[in-house]
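Each chain, letter by letter, is given below.
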Amino acid sequence: MSSPGAPVRVALLGCGTVGSQVARILVEQAADLRARVGRPLDLVGIATRTVRERPGVDPALLTTDAAALVARPDVDLVVELMGGIHPTLELLTDALAAGKSVVTANKALLAQHGGELFEAAERAGVDIYYEAAVAGAIPIIRPLRESLVGDAVTAVTGIVNGTTNYILDQMHTTGAEYADALADAQALGYAEADPTADVEGHDAAAKAAILASLAFHTRVHLDDVDCEGIAEVGAADIEAAEQIGCVVKLLARCTLSADGTIAVGVHPTLVPATHPLAGVRGAFNAVFVESINAGQLMFMGPGAGGSPTASAVLGDVVTAARNRVRGVAGPGESAYSTPGITDPGRVRSRHHLALVVRDEPGVLARVAAAMAHSGVSIQEVRQVPLPGDGAHARLSITTHVASTADLGAVVAELEASDDVSGRIRVLRVEGE
Ligand SMILES: NC(=O)c1ccc[n+]([C@@H]2O[C@H](COP(=O)([O-])OP(=O)(O)OC[C@H]3O[C@@H](n4cnc5c(N)ncnc54)[C@H](O)[C@@H]3O)[C@@H](O)[C@H]2O)c1
Ligand SMILES: N[C@@H](CCO)C(=O)O
Ligand code: NA
């Protein structure tokens, strides 16, 4: 417990898009934060790569020596917003070992080293909070870790990357080119320092690992997540989706499989316009949780950007500070379950196939036979002539739920047949 009336002293690591907003709020809302914590929240130092003038930041607080800042005996709480794995892991490990609580937005770090950090916090009897690490401002970590801890979650499906949702939304609504939409997302502060983490799905995969760990009371590592980004999504996919009443979204899906294992994946997915996730626009995120007792819950809001993410960070800072004032630590992770990860081939989903076939008698029947042969059932099929080409047609096929292995067998058989020209484009389709 900190001494009576003493401030809770905060060290900030990183003063970029999010860190600068946290520094601003700590100053602008100091009186309210003090009233809510019961003590002042004093910002005692900010580590950055370079010491230079920053609007609204007292230059006397800046240092390039993050390790020395973390080691200062007067620091109670370390707020990590610098990102990266090293030296971040070492800095946070040192902070926890020294009895300091930690607030972080670093999903990449948690998805790879969460287990060791949670154990270090448990050993030291301090907090590690990370609401901002998944879906920015949206409260989803605490609802899963605390509010739903008495229920049995069966699925978590989310749009958890603002950059890719912004890009896909722009492609649908303005016909924007992928590269232009990405440049906008970077300028708006949504993208990671290296935006390949966004577009290749790694950022969403890290968040999926964190969500699945909490939802299923286990530890899911980034490497357990089957990950596909949006770099291959083009205008043809957008058009194919719209023709069947869907939008393309990058979905993170964490589900309980029939054999008791858990499937965790990130894939560009066709989402029917009637689904709650279809209307999530721009850089907004949403997480759709299904549980045995509560039923369906939808959490939606700003998923990226400096000020929204800082809101989640400050919520954690106040909670951790309140705990320190009372001399307690909040509830940690429960990771008692070891269900194992579903084999990627056994993951089940609806699929959409876009293919070009010879426009001749018997072709459609042979395509249907190939699907029947692998036990994949057709839900909907459309055929349109290929413009300016009397010999070929474009087929759009939506399947019923099937395993990815069975679907892969169908695709291989069809691609090897003379009836099909070129490659078949396969995308998952949300829903039953
Ligand atoms: N930007 C968002 O919308 C958003 C949302 C949720 C979570 N996050 C996460 O928050 C973290 C920060 O993101 P950001 O967008 O603010 O990044 P940013 O690149 O804008 O800022 C990072 C800051 O950390 C500093 N820094 C980096 N390495 C350092 C080191 N070794 N020593 C001292 N300072 C160092 C940089 O100088 C910079 O001030 C990341 O983990 C990111 O994944 C970002
Ligand atoms: N780059 C991330 C930031 C929020 O975690 C995104 O676009 O969602
Ligand atoms: Na959040």
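In this text, all values refer to a predicted model and were calculated from it rather than measured experimentally.

Caption draft 1: Focus on helix 5 (residues 107-124). Under the 1.5 Å per step criterion, the end-to-end length of helix 5 is only 22 Å for 18 residues, more than 12% shorter than the ideal 26 Å. The sharpest bend along helix 5 comes to roughly 85 degrees, located at H113. Burial in helix 5 covers these residues: K107, L109, L110, A111, H113, G114, G115, L117, F118, A120 and A121. The secondary structure elements touched by the buried residues of helix 5 are helix 4 (88-97), strand 5 (101-104), strand 6 (128-129) and helix 10 (202-215).

Caption draft 2: Structural context of the packing of aromatic side chains. Inspection of every chain in the model, using the stated rule, returns two aromatic pairs. Judged by centre distance (5.5 Å) and plane angle (25 degrees), the rings of F118 and Y130 are stacked. Of this pair, F118 sits in helix 5 while Y130 is found in the loop between strand 6 and helix 6 (141-147), placing the two residues 12 residues apart along the sequence. Just as F118 is buried, Y130 falls in that class too.

Caption draft 3: Just helix 11 (residues 235-243), in detail. Of the positions making up helix 11, those classed as buried are D237, I238, A240 and A241. Within helix 11, the buried residues cover an arc of 165 degrees as seen down the axis, which keeps them to one side. Within helix 11, the exposed residues directed more than 90 degrees away from the buried face are A235 and A236. On its buried face, helix 11 sits against helix 7 (162-173), strand 9 (246-256), strand 10 (262-272), strand 13 (348-358) and strand 17 (420-429). Within two residues after helix 11, G245 carries a phi angle of roughly 75 degrees, on the positive side.

Caption draft 4: Inspection of the sheet that holds strand 2 (residues 41-47) at higher detail. Here we have six strands laid out as an open sheet, ordered 3-2-1-4-5-6, and parallel in their pairing. With partners counted over all chains shown, the strands left at the sheet margins are strand 3 (62-63) and strand 6, one partner each. In the sheet, strand 4 (residues 77-80) pairs with strand 5 via four bridges, with the strands oriented parallel. The residue of strand 5 that forms the bridge with E80 is T104. The sheet strands contacting helix 1 (residues 19-28) are strand 1 (8-13) and strand 2, and the helix crosses strand 2 at an angle near 150 degrees.

Caption draft 5: Representation of the site of ligand 2 in the model. Taken together, the neighbourhood of ligand 2 is formed by K107, N161, G162, T163, Y190, A191, E192, D198, D203, K207, G303 and A304. Contacts to ligand 2 include E192, whose side-chain N or O atom sits 2.7 Å from a nitrogen atom. Between ligand 2 and D198, the relevant distance is 2.8 Å, taken from a nitrogen atom to a side-chain nitrogen or oxygen of the residue. Within the complex, the protein chains bury 94% of what would otherwise be the 260 Å² of accessible surface of ligand 2.

Caption draft 6: Region of interest: the site of ligand 1. Lining the immediate surroundings of ligand 1 are 20 residues, of which T17, V18, K107, E192 and G305 lie closest. Take R49: an N or O atom from its main chain is 3.2 Å from an oxygen atom of ligand 1. Protein coverage of the free-state accessible area of ligand 1, which is 840 Å², stands at 83%. For the shell around ligand 1, the residue count by class is eight nonpolar, nine polar and three charged.

Caption draft 7: Molecular detail of unusual backbone geometry. Of note, the bond from H86 into P87 is cis; its omega dihedral lies within 30 degrees of zero at 10 degrees. Relative to the helices and strands, P87 is located in the loop between strand 4 and helix 4. We note that A135 has phi near 60 degrees; this positive angle belongs to a residue other than glycine. Mapped onto the elements, A135 comes out in the loop between strand 6 and helix 6. Relative accessible area serves as the criterion here: at 0%, A135 is assigned to the buried category.

Caption draft 8: Expanded view of the domain arrangement of the protein. Split by domain assignment, the protein resolves into domain 1 (8-136 + 306-326), domain 2 (141-302) and domain 3 (345-429). Relative placement of domain 2 and domain 3: their C-alpha centres are 26 Å apart. Every contact between the two is made by 14 residues of domain 2 and, on the other side, 12 residues of domain 3. By the criterion of area lost to domain 3, the three top residues of domain 2 are D237, I244 and L270, representing 39% of everything that side buries. The interface formed by domain 2 and domain 3 holds two salt bridges in total. Of the charged contacts in the structure, one is a salt bridge between R425 and D237, with a shortest N-O distance of 2.9 Å. Counting across the domain 2 and domain 3 interface gives four residue pairs in polar contact (both at pLDDT 80 or more). Among the elements of the structure, helix 11 and strand 10 are those that each provide at least two residues to the side of domain 2 that touches domain 3. Ranked by residues supplied to the side of domain 2 that touches domain 3, first place goes to strand 10 with six residues.

Caption draft 9: How the structure looks around the pairing of strand 15 (residues 392-399). Strand 15 sits mainly inside the fold: six of its eight residues count as buried. Where strand 13 and strand 15 come together, seven bridges link them in antiparallel fashion. Residue pairing in the sheet places L353 in a bridge with I397 of strand 15. Looking at chain direction, strand 14 (residues 378-385) and strand 15 are connected through seven bridges and run antiparallel. Among the inter-strand pairings, V384 is bridged to a residue of strand 15, identified as R394. Two successive antiparallel strands, strand 14 and strand 15, enclose a turn made up of six residues, where G388 displays a positive phi of approximately 70 degrees.

Cut-offs used in this document
Residues numbered from 1 in each chain as written. Chains lettered and ligands numbered in written order. Predicted model: local features only at pLDDT ≥ 70, side-chain atom pairs only at ≥ 80, totals over all residues. Heavy atoms only, no water. Helix = DSSP H or I, 4+ residues; strand = E, 2+ residues; numbered from the N terminus. Expected span 1.5 Å × (residues − 1). Bend = angle between axes of the 7 residues up to and from the residue. Buried < 20%, exposed > 50% of the residue type's maximum accessible area, 1.4 Å probe, protein only. Contact = heavy atoms within 4.5 Å. Phe/Tyr/Trp six-rings, centres within 6.5 Å; stacked < 30°, edge-to-face > 60°. Arc of directions from axis to C-beta. Pairing = 2+ DSSP bridges. Axes fitted to C-alpha atoms, helices over the stretch in contact; angles between N-to-C directions. Near = heavy atom within 4 Å. Polar contact = N/O pair within 3.5 Å; in protein donor to acceptor, adjacent residues only side chain to side chain. Areas by Shrake-Rupley, 256 points an atom, 1.4 Å probe, with all protein chains shown as cover. Nonpolar A, V, L, I, M, F, W, Y, C, P; charged D, E, K, R; others polar. Domains from an automatic or database assignment. Buried area = accessible area lost by both parts, 1.4 Å probe. Salt bridge = Lys/Arg side-chain N within 4 Å of Asp/Glu carboxyl O.

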